[in-house]
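Residues per chain are reported as follows:
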Amino acid sequence: MEDIIDGMKDNGARFCDIRREKWEVSHLIMKDGGIERMASGVEEGAMIRVLYGNGWGCVGTSALDRLSEAADRALGMAKQNDGSKSEKTGLGDVKAIQESVEMPMKRDFRDIDVEEKLSFMKELYGKLQEPHVKSVDIHYRDSFVEKEILNSDGTHVFMNIPRILGYVIVTGKGKTIQKATEGFGAVAGYEGIENAHTKAEAVLKRLKDLLDAENAPGGKMPLIMDNHLTGVFVHEAFGHAAEADLVSSGSSCLEGRLGEMVADESVTIVDDPTFKGYGSFPFDDEGTKARRRVLVDSGELNDYILNRESAWKLDLEPNGGARAEDFRVKPIVRMSNTLMMPGDMKMEELLEQVDRGIYAKSTSGGQVDPTQGTFQFNAQVAYLIENGEITTPLKDVSFSGFTLETLKNIKGLTDEMKTGVGHCGKGQSAPVTDGGPQTLISDVTVGGR
Ligand SMILES: [Zn+2]
């Protein structure tokens, strides 16, 4: 790999890197107690990137024995792109590092046979058998990835990342048909699914409440988001707008606002790959050392999520925000573990402030527009708040607004934090965690779906 890097440099490359990956993956799906899918495999490959002039060439290949041919193709592609491009580009400086990190596993899931994984799923399925449950899907996935990144600036890093994920979808039937979902996972070994049973209890309770739920009122009112929904809000409505590729291309409502108050002063938002979550990594996919990024510091916009190219464009320091789904694709700017930091209030103190409002839990989808800075979320289940008390369960609650206005309307944050796991889509899939405290917002537009 070093010879290939040297060869590309000798042929005029301004910059080049090679990211070699080996994936060991196991994937199981159980539907109503029967095995629906069982797949496992090992895959290897590499992505070569070359910057020539102002043109990029990126080639992914699984033919590791023919890497130098792939390098020639990448260089040719970069030369062509340089010729057809007038816009200048560059890479923000990062310190070259030579390091190796293995993220720990207590129980290596590669040593656990499929029968044990299936019996875990069967047991979980058993736990989800209640009269109100009509159908249960359980997904299990573990992946062990080994990465080596080498670049023409002298960086050479190795890392091992084990990831484990599970989620359940339960469907129930009462007067209507309703669905509730819950996920669990971590950068960890098989021990990462230990909390699956508590998640099963939560999803059953949510489904039960949904089946008994009434239609939601509409209008402007205070709303409390639970921890999970706070996490989704922070990731979707704020986090995507803080991705520097959107900022540098003029597609983010946060463009040009560094140093401005964009939220209430009680609000601090971080994106932290060093936090123990499902989106953790020691180095990003450009080989930049991972670090905690304080995006909003006590209400003030403090940083964006940056890869090397967007950092160059915005004249900021790269902060390890480049991630790729696998060796077939080039890294782009992505979140990792995105968190709203807790406040200092108890849930009772949030509720005391609400005469009539909504307590919204978890999400079943929605839409955001990071350019306009608008969002719309559907709560999985919600409850009416009357005179500071949580009362009737509500279904089909959706709420919407302007992200920055909503962040300024935050009136209280509880003093604890919970996180959820998921995969973020942005052309490529990335494992992420999001989370935060329970959050009281004044004046939210609430409507039926
Ligand atoms: Zn996302």
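Refer to the structure presented above.
Starting afresh in each chain, residues are numbered from 1 along the sequence in its written order. Local features in this predicted model are restricted to residues of pLDDT 70 or higher, and side-chain atom pairs are both shown and tallied only at a pLDDT of 80 or more, whereas totals for entire chains, interfaces and linings draw on every residue.

## Observations regarding the nonpolar core
Judged by nonpolar contacts, the single largest core of 92 residues is most densely connected at L223, I269, I358, A360, A382, V397 and V446. Inspection of this core shows a minimum of three residues originating in each of domain 1 (2-211) and domain 2 (214-448). Look past the residues within four positions of V446 in its chain and what remains in contact with it is A216, G218, G219, M221, L223, I358, V397 and F399. If you look at the next biggest cluster of nonpolar residues, it comprises 27 residues, including V50, L51, A74 and I149. By definition, a nonpolar core groups buried Ala, Val, Leu, Ile, Met, Phe, Trp, Tyr and Cys residues that connect through C-beta atoms lying within 7 Å of each other. Remark: C-beta atoms are placed from the backbone, and a residue is labelled buried if 20 or more other C-beta atoms sit within 10 Å of its own, exposed if 12 or fewer do, or partly exposed between those counts. Each domain's extent was defined by an automatic or database domain assignment. What counts as a contact is two residues whose backbone-derived C-beta atoms lie within 7 Å of each other.

## Re the sheet that holds strand β15 (residues 337-340)
The strands making up a sheet associate through backbone hydrogen bonding, with each pair oriented either parallel or antiparallel. With mixed pairing, the 6 strands of this open sheet are ordered in space as β12-β11-β10-β15-β22-β21. With partners counted over all chains shown, the strands left at the sheet margins are β12 (300-301) and β21 (418-425), one partner each. Taken together, the 8 bridges between β21 and strand β22 (residues 429-436) define a ladder with antiparallel strand orientation. Among the inter-strand pairings, G422 is bridged to a residue of β22, identified as V432. Pairing between strands requires that DSSP locate at least two bridges from one strand to the other. Segments assigned H or I by DSSP are reported as helices when at least four residues long, segments assigned E as strands when at least two residues long, and all are numbered from the N terminus.

## Some thoughts on helix α3 (residues 114-127)
To estimate how far a helix should extend, the number of its residues minus one is multiplied by 1.5 Å. With 14 residues, α3 ought to run about 20 Å at 1.5 Å a step, and its terminal C-alpha atoms sit 20 Å apart, in line with that. Every buried residue belonging to α3 is among K117, M121 and L124, and all of these are buried. Viewed along the axis of α3, the buried residues span an arc of 60 degrees, placing them on a single side of the element. Facing away from the buried side of α3, by more than 90 degrees, are the exposed residues E115, E116, S119, E123 and G126. Where α3 is buried, its residues touch β1 (15-31), β5 (133-151), β6 (156-173) and α4 (196-211). The reported arc concerns the directions from the helix axis to the C-beta atoms and nothing else.

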